[in-house]
Amino acid sequence: MLKIIVKDGENIERALKRYKRKHRNIKVMQNLRDGQFFTKPSVKRRREIQKAAYIQTLRDQEDI
């Protein structure tokens, strides 16, 4: 459960922005979506490898 402590004199918009950032960082919605359907371990592993390859190509392009 996320807790956002609003400090004295803090704007509610700023506190809401902090909440949204924390919510996105702990990936609440992504975990819920992933749990809806079963995915085979081989498919999970393949996705991880594809993601790693994609990130590596981005880093290689950045170095050039």
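Residues numbered from 1 in each chain as written. Predicted model: local features only at pLDDT ≥ 70, side-chain atom pairs only at ≥ 80, totals over all residues. Heavy atoms only, no water.

**Q** Report on the layout of surface pockets, specifying residues and quantitative values.
**A** There is about 230 Å³ of room inside the largest pocket. Lining the largest pocket are Gln-30, Asp-34, Phe-37, Thr-39, Lys-44, Arg-47 and Lys-51. The biggest single contributor to the lining of the largest pocket is helix H3 (residues 41-63), with 3 residues. (1 Å grid on protein atoms, 1.4 Å probe; cavity = no way out; pocket = protein on both sides within 12 Å on 5 of 7 lines; lining within 4 Å. Points joined across faces, edges and corners; volume = space filled by probe spheres on them. Helix = DSSP H or I, 4+ residues; strand = E, 2+ residues; numbered from the N terminus.)

**Q** Talk me through the pattern of salt bridges; I want residue IDs and the actual numbers.
**A** Charged atoms that come close allow side chains of opposite charge to pair. Counted by the stated rule, this structure contains 2 salt bridges. With a closest N to O distance of 3.7 Å, Arg-18 and Glu-10 form a salt bridge. Take Arg-18: its relative accessible area is 22%, and that puts it in the partly exposed class. Looking at Glu-10, the relative accessible area reads 18%, which means it is buried. Arg-45 is the salt-bridge partner of Glu-48, the closest N and O atoms lying 3.3 Å from each other. One end of the pair, Glu-48, and the other, Arg-45, are both in helix H3, 3 residues apart, so they sit about a helical turn from each other. (Salt bridge = Lys/Arg side-chain N within 4 Å of Asp/Glu carboxyl O. Buried < 20%, exposed > 50% of the residue type's maximum accessible area, 1.4 Å probe, protein only.)

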